[in-house]
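Summary of the model geometry
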Amino acid sequence: MQKNRDHAHRGQLQIAETLVSVALMLVLALLLINATNQTLSPYSNLTSMDQSATDILIAADEAGLLRPVIYLYGDTKYEADYSSYRSQLEEYISIVVSDNIDYALIAHEINNNTVESNYFSPIGSSTAISAIQQGGEGVVANYHLGSFTSATFGHYSTQYLIQLYLWEKF
């Protein structure tokens, strides 16, 4: 009689283990499906991405990273300083945006209240920027820089329209 009871308990334990295993597999399958859907679906909230781009530019300027990258661009006298600020800015942006978002930063000079069509790109490739400008899926945040004054680098009075492009990687 004891033997039958041990077989019954063992059978019940095996059924319980099977149910727990099936439940765990279902939960894992649902998590995998959800992760796949998020990866495959295009970035659906462009408004949120646009706000993130604006926030990035404001924070980068307040942190003292943006202006040195723009105003020291191409100045061989401060090449090492420029490179350091650029690396810090790029690292900051890469930390803030998710892994599936790519970015580029460009600057247009402003002369007589007119934005010049020519620009330089401290961060990002001109090919990617051109694709986004031609109607690709993404956002652009605009930011105005009026001048830059630094005890180390001096005073710069050129005005720039800074544009940060964000788009989903494919």
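Residues numbered from 1 in each chain as written. Predicted model: local features only at pLDDT ≥ 70, side-chain atom pairs only at ≥ 80, totals over all residues. Heavy atoms only, no water.

Focus: the overall build of the protein
When you go through the protein residue by residue, the secondary structure sums to 5 helices and 6 strands. The linear arrangement of helices and strands in the protein, starting from the amino end, is α-α-α-α-β-β-α-β-β-β-β. Total accessible area computed for the protein in this model is approximately 10,900 Å², and 54% of it derives from carbon and sulfur atoms. (Helix = DSSP H or I, 4+ residues; strand = E, 2+ residues; numbered from the N terminus. Areas by Shrake-Rupley, 256 points an atom, 1.4 Å probe, with all protein chains shown as cover.)

Remarks on the pairing of strand β1 (residues 101-111)
For a regular strand, side-chain orientation follows a simple rule: the groups alternate between the two sheet faces. Burial of β1 is extensive: 8 of the 11 residues sit out of reach of the surface. Bridge count between β1 and strand β6 (residues 159-168): 10 bridges; the pairing is antiparallel. Bridge pairing in β6 links E109 to Y160. Sheet analysis places β1 next to strand β2 (residues 114-123), joined by 5 bridges and oriented antiparallel. Its bridge partner lying in β2, N111 is registered against T114. (Buried < 20%, exposed > 50% of the residue type's maximum accessible area, 1.4 Å probe, protein only. Pairing = 2+ DSSP bridges.)

Thoughts on the pattern of salt bridges
Scanning the model with the defined rule gives 2 salt bridges in all. Across the pair R86 and E90 runs a salt bridge whose closest N-O atoms are separated by 3.0 Å. Taken together, the residues R86 and E90, both in helix α4 (residues 79-96) and 4 residues apart, mark about one turn of the helix. The class for R86 is partly exposed, based on a relative accessible area of 25%. (Salt bridge = Lys/Arg side-chain N within 4 Å of Asp/Glu carboxyl O.)

Structural notes on the sheet that holds strand β3 (residues 138-145)
Across the sheet, 4 strands lie side by side as β2-β1-β6-β3; this open sheet has antiparallel pairing. The sheet terminates laterally at β2 and β3, the two strands that pair on one side only. Across the sheet, the mean angle from the axis of one strand to that of its neighbour is 25°, orientation sign disregarded. (Axes fitted to C-alpha atoms, helices over the stretch in contact; angles between N-to-C directions.)

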